[in-house]
Amino acid sequence: QVQLVESGGGLVQAGGSLRLSCAASGRSFSSYIMGWFRQAPGKEREFVTSISGSGGSTSYTNSVKGRFIISRDNAKSTVSLQMNSLKPEDTAVYYCAADARVGRGYEYWGQGTQVTVSS
């Protein structure tokens, strides 16, 4: 079992920055692919970014490329999302998720943290 707790959300003006963090409990954190997803009001949850267990491979959805950076610290069992040049369309609840790589996809999810970008 893995428990995930996000923090760092809040209200920011367009063009500003926020850093989200996700703390994981449980064993074998370094073996998990970690991802960030978001869900805006009235929309489906969407993939934002992911990072491999070693941190050597990352993936981003096109709309955040060049603005968001995902990173992880396996010694501290944390994954972070640095969000720069924020836009109003980035407003959403952001979720941290873990994929244990056993064929079940992202099966562990945090409770989510609200990010609101004002214009």
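The sections below set out a description of the structure shown in this document. Position numbers for residues count from 1 along each chain, tracking the sequence in the order it is written. At least 70 in pLDDT is required for a residue's local features to be given in this predicted model, at least 80 for side-chain atom pairs to be given and counted, and no such filter applies to totals for whole chains, interfaces and linings, which use all residues. To obtain the side-chain values, all non-hydrogen atoms of the structure were included, while hydrogens and water were left out.

A look at the pattern of salt bridges
Okay, so step 1: Salt bridge, as applied in this entry: a Lys or Arg side-chain nitrogen positioned within 4 Å of an Asp or Glu carboxyl oxygen. Tallied over the full model, the rule gives four salt bridges.
Okay, so step 2: A salt bridge links D90 to R67, with the shortest nitrogen-to-oxygen separation between them at 2.7 Å. Placement of the pair is D90 in the loop between strand 8 (78-83) and strand 9 (92-99) and R67 in the loop between strand 6 (58-60) and strand 7 (68-73), with a sequence separation of 23 residues.
Okay, so step 3: Each residue gets one of three labels from its accessible area relative to the maximum for its type: buried under 20%, exposed over 50%, partly exposed in between, using a 1.4 Å probe on protein chains only. Looking at R67, the relative accessible area reads 9%, which means it is buried.
Okay, so step 4: Two residues, E107 and R104, come together in a salt bridge whose shortest N-O distance is 3.0 Å.
Okay, so step 5: It is possible to trace a salt-bridge network through shared partners that takes in R38, E46, R67 and D90. Put simply, DSSP H or I for four residues or longer makes a helix, DSSP E for two residues or longer makes a strand, and each gets a number counted from the N terminus.

Focus on the packing of aromatic side chains
Okay, so step 1: When the centres of two rings from Phe, Tyr and Trp lie within 6.5 Å, Trp using its six-membered ring, the rings pair. Their planes under 30 degrees apart give stacked, over 60 give edge-to-face, and anything left gives tilted. In the structure shown here, the tally under the stated rule is five aromatic pairs.
Okay, so step 2: Measuring from ring centre to ring centre gives 5.7 Å for F37 and F47, while their planes differ by 80°; the resulting arrangement is edge-to-face. Placement of the pair is F37 in strand 4 (residues 33-39) and F47 in strand 5 (residues 46-51), with a sequence separation of 10 residues.
Okay, so step 3: Taking relative accessible area as the criterion, F37 reaches 11% and is therefore assigned buried.
Okay, so step 4: Ring geometry for F37 against Y106: centres 5.0 Å apart, planes inclined by 80°, an arrangement best described as edge-to-face. Of this pair, F37 sits in strand 4 while Y106 sits in strand 10 (residues 106-109); the two residues are 69 residues apart in sequence, bridging distant segments of the chain.
Okay, so step 5: Here a set of aromatic residues connected by ring pairs shows up, and it is made of F37, F47, Y106 and W109.

Details of the state of the cysteines
Cysteine pairs can be covalently joined through their sulfur atoms, and such a bond is termed a disulfide.
Okay, so step 1: To count as a disulfide, a pair of cysteine sulfur atoms needs to be within 2.5 Å. In the structure shown here, the tally under the stated rule is one disulfide.
Okay, so step 2: Disulfide partner of C22: C96, at an S-S distance of 2.1 Å. Between C22 and C96, the S-S dihedral sits near -80°, and the bridge is therefore left-handed. With a gap of 74 residues between them, C22 in strand 3 (residues 18-25) and C96 in strand 9 connect regions that are remote in the sequence. For the pair shown, C22 and C96 are each scored as buried.

Considering the side chain of T113
Okay, so step 1: Locating T113 in the fold gives a position in strand 11 (residues 113-118).
Okay, so step 2: The term polar contact refers here to a pair of N or O atoms within 3.5 Å; inside protein, the definition further demands a hydrogen-donor-capable atom paired with an acceptor-capable atom, and it admits residues adjacent in sequence only when both atoms are side-chain atoms. Of note is the side chain of T113, whose polar atom sits 3.2 Å from the backbone nitrogen of G9.
Okay, so step 3: Look past the residues within four positions of T113 in its chain and what remains in contact with it is E6, S7, G8, G9, L20, A92, V93 and Y94. Residues are treated as being in contact if the distance between any of their heavy atoms lies within 4.5 Å.

Some points on unusual backbone geometry
Of all residues except glycine, most have a negative phi; of all peptide bonds, most are trans.
Okay, so step 1: Phi is positive for S85, which is not a glycine, with a value near 50°.
Okay, so step 2: Tracing the sequence through the fold places S85 in the loop between strand 8 and strand 9.
Okay, so step 3: Overall, S85 belongs to the partly exposed group, its relative accessible area being 40%.
Okay, so step 4: Positive phi, close to 60°, is recorded for R101, a residue that is not glycine.
Okay, so step 5: Mapped onto the fold, R101 is located in the loop between strand 9 and strand 10.

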